[in-house]
Amino acid sequence: QLDQDDRQSKAKEIIEASDRFGIVSLKLEAEACYVDKVELTLDNFIEVVTYADSKNLALLKEHCMDFLSSANKIEASEKVSFDDMPSRLVKDLMVAFARREGEGLSEGGALSTMRVSQLRKLAHEKGLSVDGSREMLIEAIRDGEEGGETEA
């Protein structure tokens, strides 16, 4: 049993091990600790977000995108090398901007602008996997809803 300080100081190592051995609950707990611990800057943004993407750490990726969407846009454009950011992350960035500006909160856009924690909770309530990217969670929830409708 690790205390909070140990979990935070070893969060990245715990993420690596739990991801390797498929221990989802430990991975998600370590990810939450890492999100609390990590100090994002425009200088380390690409490093952290590409790590989050490589390990399917949706909460950390969301944290990064929220950070960037609230940063000074001119300073970000000068300091962040977007050439090094995988293009598939642009959608996550746009969702962060939309959420920040209150867009897409209509019925049709509700899932697409939900926070990762909300999507994970909804997936858990439906008996679905809570590990994976934002897109994977949304797809699983939508598939579960469609499957539920045909069974009813």
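This text follows the structure it describes.
Read on for a plain summary of the structure.

Our next topic: helix α7 (residues 90-101). Relative to the 16 Å expected for twelve residues at 1.5 Å per residue, α7 spans 16 Å between its end C-alpha atoms, a close match to the ideal helical length. Turning to α7, its buried residues number three or more, namely D92, L93, V95, A96, A98 and R99. Of the residues trailing α7, G102 is marked for its positive phi of about 80°.

With that out of the way, let us pick up the environment of A71. One can find A71 in the loop between α5 (58-70) and α6 (73-79). Put simply, A71 and L42 are 29 residues apart on the chain and 8.3 Å apart in space, counted from C-alpha to C-alpha.

Generally speaking, nonpolar side chains in soluble globular proteins are found buried as a group. By size, the foremost hydrophobic cluster in this structure holds 40 residues, and its most contacted members are F45, L60, C64, M65 and L68. Those elements that place two or more of their residues in this core are α2 (11-21), α3 (24-37), α4 (45-54), α5, α7, α9 (116-125) and α10 (134-151). When sequence neighbours within four positions are dropped, the list of residues in contact with C64 reads L40, F45, V48 and V49.

Under the defined criterion, the tally for this structure stands at 15 salt bridges. Of the charged contacts in the structure, one is a salt bridge between R115 and D66, with a shortest N-O distance of 2.9 Å. In this pair, R115 sits in the loop between α8 (110-113) and α9 while D66 sits in helix α5, placing the two residues 49 residues apart along the sequence. Its relative accessible area of 31% is what places R115 among the partly exposed residues. Connected through salt bridges with shared partners, the residues D53, K61, E62, D66, R88, D92, R99, R115 and R134 form a single ionic network.

Our next topic: unusual backbone geometry. A positive phi angle, near 60°, is found at N56, a position not held by glycine. In this structure, N56 sits in the loop between α4 and α5. Residue class for N56 comes out partly exposed when judged on its relative accessible area of 25%.

Before going further, it helps to examine the side chain of K27. Mapping K27 onto the fold places it in helix α3. For K27, a relative accessible area of 2% translates into the label buried. Excluding residues within four positions of it along the chain, K27 makes contact with I15, S18, D19, K55, N56, L57 and D131.

The next subject is the packing of α2 against α3. Interhelical geometry of α2 versus α3 gives an angle of 160° and a closest axis separation of 8 Å. Comparing the axis directions of α2 and α3 gives the class roughly antiparallel. Classified by chirality, the crossing of α3 by α2 is left-handed. Residues A11, K12, I14, I15, S18 and D19 of α2 form the contact with α3, whose participating residues are L26, K27, A30, E31, C33 and Y34.

What follows covers α9. Because each turn of an α-helix spans 3.6 residues, side chains separated by three or four positions in sequence point in the same direction. What α9 keeps buried is the set V116, L119, R120, L122 and A123. Along α9, the residues classed as buried sweep out an arc of 165° about the axis, all on the same side. Opposite its buried face, α9 presents the exposed residues K121, H124 and E125, each directed more than 90 degrees away. Looking at the residues trailing α9, positive phi occurs at G127, about 75°.

The rules behind each value
- Residues numbered from 1 in each chain as written.
- Predicted model: local features only at pLDDT ≥ 70, side-chain atom pairs only at ≥ 80, totals over all residues.
- Heavy atoms only, no water.
- Helix = DSSP H or I, 4+ residues; strand = E, 2+ residues; numbered from the N terminus.
- Expected span 1.5 Å × (residues − 1).
- Buried < 20%, exposed > 50% of the residue type's maximum accessible area, 1.4 Å probe, protein only.
- Core = buried A, V, L, I, M, F, W, Y, C linked by side-chain atoms within 4.5 Å.
- Contact = heavy atoms within 4.5 Å.
- Salt bridge = Lys/Arg side-chain N within 4 Å of Asp/Glu carboxyl O.
- Axes fitted to C-alpha atoms, helices over the stretch in contact; angles between N-to-C directions.
- Parallel < 35°, antiparallel > 145°, perpendicular 65-115°, else oblique.
- Left-handed = near helix turned anticlockwise from the far one by under 90°.
- Arc of directions from axis to C-beta.

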